[in-house]
Amino acid sequence: MGLKSSSAAANALSKALANALGLDMSEMEVVKAGVEAAKRAGVTLTGAFDDACASYFGSLWVTDNLGMRVLHSSKVEPLPVVLLLSGKTLLTESLSGRDFSPIRPYVEEAIRLALEGEWRKAALINGLVYSTYLGHPIEPFRIALEREAVVGLSGKGPAVFAVTDEPEELAEEWEQFGEVLITELR
Ligand SMILES: Nc1ncnc2c1ncn2[C@@H]1O[C@H](COP(=O)(O)OP(=O)(O)O)[C@@H](O)[C@H]1O
Ligand SMILES: O=C(O)C1=C[C@@H](OP(=O)(O)O)[C@@H](O)[C@H](O)C1
């Protein structure tokens, strides 16, 4: 789905084991152990250290996943978010070996924006580029943009998210595409 359940499960297991075994680990060590477990389970391409940090701590994270390094982290306001779940499944492991080099220049532009704090623009560019490359429908993006929402792809999708001041209105329009949830950034 792209909803980070692999990271949430890995974090939960890592934390539970650390507690049960009475290990003296920092929060970040717990997260990194979860990343290692997710890699060994084969449910991630890079280890998804970015998702693991966001899932564990909340906030905005830009990371170097292969080097397991934090490049940027900052708090976000609890703004309303609409999530669209199309009902289709795309497991991350199914993208293993896929060549993403054609979209590299555009994704690097999104990373540059995110590092400058421009996460709204980064989310839109990243989402449109990955959606197009992976063949996800982009009509939900068009509708969200019409409503001036900040719209993006959740992970590799197909789940889509939008940050908007009018979540109920967008949710109603997105219902034609699948299940819709309203929550908030944390
Ligand atoms: N082979 C598998 N068997 C059972 N569960 C799996 C398998 N591959 C992935 N999953 C789990 O299915 C869920 C959805 O996968 P995916 O969309 O790849 O991850 P995420 O929700 O983290 O973006 C995740 O919790 C993932 O760990
Ligand atoms: O497996 C990975 O390395 C990643 C998978 C994607 O997330 P999802 O698995 O949630 O789609 C992506 O957004 C993340 O930055 C890295």
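The written sequence of each chain sets the order in which its residues are numbered from 1. Whichever chain is written first is A, and whichever ligand is written first is 1; the rest continue in order. In view of the model being predicted, local features appear only for residues whose pLDDT reaches at least 70, and side-chain atom pairs are presented and counted only at 80 or more, with totals across whole chains, interfaces and linings using the full set of residues. The basis for the side-chain values is all heavy atoms of the structure; hydrogens and waters are excluded.

With an unreviewed UniProt entry as reference, the protein is termed Shikimate kinase, source organism Thermococcus litoralis. UniProt positions are given in the numbering used here, feature names are shortened, and annotations may be inferred rather than shown by experiment. What the UniProt record of the protein gives under Catalytic activity (unreviewed entry) is the line "shikimate + ATP = 3-phosphoshikimate + ADP + H(+)".

Draft legend 1. Fine view of the sheet that holds strand 4 (residues 150-153). Two strands pair under a simple rule: DSSP has to find at least two bridges between them. A helix here means a DSSP run of H or I that spans at least four residues, while a strand means a run of E at least two residues long, and both kinds are numbered starting from the N terminus. Taken together, the four strands give an open sheet; going across it, the order is 4-5-3-6, and neighbouring strands pair in antiparallel fashion. Two strands lie at the open edges of the sheet, namely strand 4 and strand 6 (179-184), each paired on one side alone. When the angles between neighbouring strand axes are averaged without regard to direction, this sheet yields 20 degrees. In the sheet, strand 4 pairs with strand 5 (residues 160-163) via four bridges, with the strands oriented antiparallel. Among the inter-strand pairings, G152 is bridged to a residue of strand 5, identified as F161. Relative to strand 4, helix 6 (residues 139-146) is tilted by about 165 degrees, and along the sheet it contacts strand 3 (80-85), strand 4 and strand 5. Think of each axis as a best-fit line through the C-alpha atoms, taken over the contacting stretch in the case of a helix, with angles from 0 to 180 degrees between the N-to-C directions. In this description, contact between two residues means that some pair of their heavy atoms is separated by no more than 4.5 Å.

Draft legend 2. Broad picture of the UniProt feature "domain: GHMP kinase N-terminal" (unreviewed entry) in the protein. Per the UniProt record, "domain: GHMP kinase N-terminal" (unreviewed entry) is found at residues 2-58. With 70% helix and 0% strand, the stretch residues 2-58 has end C-alpha atoms that lie 16 Å from each other.

Draft legend 3. Spotlight on the domain arrangement of the protein. Segmentation of the chain into domains, including their bounds, is taken from an automatic or database domain assignment. Taken domain by domain, the protein consists of domain 1 (5-74) and domain 2 (80-184). Averaged C-alpha coordinates put domain 1 and domain 2 at centres separated by 22 Å. The partner domain 2 presents eight residues to the eight residues of domain 1 that form the contact. When two components associate, each loses some accessible surface as probed by a 1.4 Å sphere; the sum of these losses over both components is called the buried area. Summing both partners gives a buried area of about 640 Å² for domain 1 against domain 2, and 78% of it is carried by carbon and sulfur. On the domain 1 side of the contact with domain 2, L45, L60 and V62 bury the most area, a combined 58% of that side's loss. Think of a salt bridge as a Lys or Arg side-chain nitrogen and an Asp or Glu carboxyl oxygen that are within 4 Å of each other. At the junction of domain 1 with domain 2, the criterion picks out zero salt bridges. In protein, a polar contact means a hydrogen-donor-capable atom and an acceptor-capable atom, both N or O and within 3.5 Å, with residues adjacent in sequence counting only if both atoms are side-chain atoms; elsewhere, any N or O pair within 3.5 Å suffices. On the surface where domain 1 and domain 2 come into contact, there are zero residue pairs in polar contact (both at pLDDT 80 or more). For this classification, the nonpolar set comprises Ala, Val, Leu, Ile, Met, Phe, Trp, Tyr, Cys and Pro, the charged set comprises Asp, Glu, Lys and Arg, and every other residue, Gly included, is treated as polar. Here the residues of the side of domain 1 that touches domain 2 are counted per class, giving five nonpolar, three polar and no charged.

Draft legend 4. Examining the site of ligand 2 more closely. Whether a residue is near a molecule or strand depends on its heavy atoms: it is near if one of them lies within 4 Å of it. Around ligand 2 sit G2, K4, T44, L45, T46, G47, A48, D50, D51, T92, G155 and K156, and those are all the residues in its vicinity. Between L45 and ligand 2, the recorded distance is 2.7 Å, taken from a backbone N or O atom to an oxygen atom. A distance of 2.5 Å separates an oxygen atom of ligand 2 from a polar atom in the side chain of T46. Accessible surface is estimated by sampling points in the Shrake-Rupley manner with a 1.4 Å probe; for residues, cover comes only from the protein chains shown. Contact with the protein chains covers 82% of the free accessible surface of ligand 2, which is 390 Å². Classifying every residue of the shell around ligand 2 gives two nonpolar, six polar and four charged. Summarising the domain contributions, the shell around ligand 2 has at least three residues from each of domain 1 (5-74) and domain 2 (80-184).

Draft legend 5. Representation of a negative patch on the surface within the structure. Like charges within 9 Å and nonpolar side chains (Val, Leu, Ile, Met, Phe, Trp, Tyr) within 5 Å are joined into patches, using only residues over 30% in relative accessible area that form no salt bridge. The sign given to each residue is positive for Lys and Arg and negative for Asp and Glu; His and the chain ends receive no count. Every charge is mapped onto a representative atom, which is NZ of Lys, CZ of Arg, CG of Asp or CD of Glu. A cluster of acidic residues, E168, E169, E172 and E175, forms a negative patch on the protein surface. Mapping E169 onto the fold places it in helix 7 (residues 167-174).

Draft legend 6. Spatial organisation of helix 6. For helix 6, every residue scored as buried is listed here: P140, F141, I143 and A144. The arc that holds the buried residues of helix 6, viewed along the axis, is 165 degrees, so those residues lie on one side. Against the buried residues of helix 6 lie strand 3, helix 5 (119-134), strand 4, strand 5 and helix 7. Downstream of helix 6 by one or two residues, E148 has phi in the positive range, about 60 degrees. Burial classification: accessible surface area is computed with a 1.4 Å probe over protein chains only, and a residue below 20% of its type maximum counts as buried, one above 50% as exposed, and the rest as partly exposed. Each direction from the helix axis to a C-beta atom contributes to the arc, which is the arc of those directions.

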